[in-house]
Amino acid sequence: MRRRKIKNMNTYKNPATGEVIWPGKNPKNISFSENATDQEYAAHGYYLIVKDSAYINPMYQFHGKMTEIIDDGKRQIVQSWPILEKPIADVLENKKQELKTIRQKRETAGVIYNKMTFSTDRESLAMLHSIYTLIKDGLVTSVDWKCEKGFTSLDKAGVNNVIGLVMNHIQTCFTDEKKAIEDIESLMAGKEITEYEMG
């Protein structure tokens, strides 16, 4: 006699009792069909188990995997453990890239002058330098500059002050990144790094 193929090959767990079942193995007093849906199992307190879902954290010194269950329609991690260490050199390079991203975000966050926020991206800085040259050469005496919350008028002294603030802000961001990298290189001498806050 030829066996009928079972379509549902999942495994289910009752979080309250810890009992694990699958199609063909029914708990006491309950009889599921061979192809019962996840919703039918959940109606009786048995939730789908998703086994060994792999994850990788590229910034830190481990790979891992986890076992999950779906409880009341929400996926919850019930176990996780490291399974493979990453080489220190790879971890350090990933941390450097992470710090670079943080620095770039801070670098372009803007500076405040006369209660107005000026953009600190590379394009804005180049425009400020161009305007300063025009003012210095006597081609214009002042400009209207658009900030986050409106316009402000800048003369030679104002443009010079804004450029100074922007350059100091950018240099501080690079200095913080450099120090963070040096700190991490020192800490990672044979050790594992999982968290580091820059600045």
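Here's what I pulled together on the structure shown here. Because the structure is predicted, anything quoted here is derived from the model rather than measured.

### Here's the deal with the packing of aromatic side chains
Part 1 of the argument: Enumeration according to the criterion identifies two aromatic pairs in this entry.
Part 2 of the argument: Between the aromatic rings of Phe32 and Tyr41, the centroid separation amounts to 4.1 Å while the plane-to-plane angle is 25 degrees, which identifies the pairing as stacked. An identical accessibility class is assigned to Phe32 and Tyr41; each is buried.

### Observations regarding the nonpolar core
Part 1 of the argument: In terms of nonpolar packing, the biggest core is built from 17 residues, with Phe118, Trp145, Leu154, Val162 and Val166 touching the most fellow members.
Part 2 of the argument: At five residues, the largest contribution of residues to this core is made by helix H4 (residues 156–187).
Part 3 of the argument: Residues contacting Val166, with those up to four places away along its chain left out, are Val111, Thr120, Leu125 and Leu128.
Part 4 of the argument: Core analysis: the next-biggest nonpolar cluster, separate from the first, contains seven residues, Ile21, Tyr41, Tyr46 and Leu48 among them.

### Let's talk about the environment of Ile163
Part 1 of the argument: Mapped onto the secondary structure, Ile163 falls in helix H4.
Part 2 of the argument: What makes Ile163 buried here is its relative accessible area of 9%.
Part 3 of the argument: For the pair Ile163 and Thr120, spaced 43 residues apart in sequence, the C-alpha separation works out to 9.4 Å.
Part 4 of the argument: In contact with Ile163, not counting residues within four places along its chain, are Leu128, His129 and Tyr132.

### Section: the environment of Ile88
Part 1 of the argument: With respect to the helices and strands, Ile88 occurs in helix H2 (residues 88–107).
Part 2 of the argument: Spatially, the C-alpha atom of Ile88 lies 10.0 Å from that of Glu185, the residues being 97 residues apart in sequence.

### Examining unusual backbone geometry
Part 1 of the argument: Here Asn29, not a glycine, exhibits a phi torsion of approximately 70 degrees, which is positive.
Part 2 of the argument: With respect to the helices, strands and loops of the structure, Asn29 is situated in the loop between strand E2 (20–21) and helix H1 (38–43).
Part 3 of the argument: Given a relative accessible area of 83%, Asn29 falls into the exposed group.
Part 4 of the argument: Notably, Asn114 is not glycine yet its phi reads approximately 55 degrees, a positive angle.
Part 5 of the argument: Within the secondary structure, Asn114 sits in the loop between strand E6 (111–113) and strand E7 (116–118).
Part 6 of the argument: For Asn114, a relative accessible area of 58% gives the class exposed.

Cut-off values and rules
Residues numbered from 1 in each chain as written. Predicted model: local features only at pLDDT ≥ 70, side-chain atom pairs only at ≥ 80, totals over all residues. Heavy atoms only, no water. Phe/Tyr/Trp six-rings, centres within 6.5 Å; stacked < 30°, edge-to-face > 60°. Buried < 20%, exposed > 50% of the residue type's maximum accessible area, 1.4 Å probe, protein only. Core = buried A, V, L, I, M, F, W, Y, C linked by side-chain atoms within 4.5 Å. Helix = DSSP H or I, 4+ residues; strand = E, 2+ residues; numbered from the N terminus. Contact = heavy atoms within 4.5 Å.

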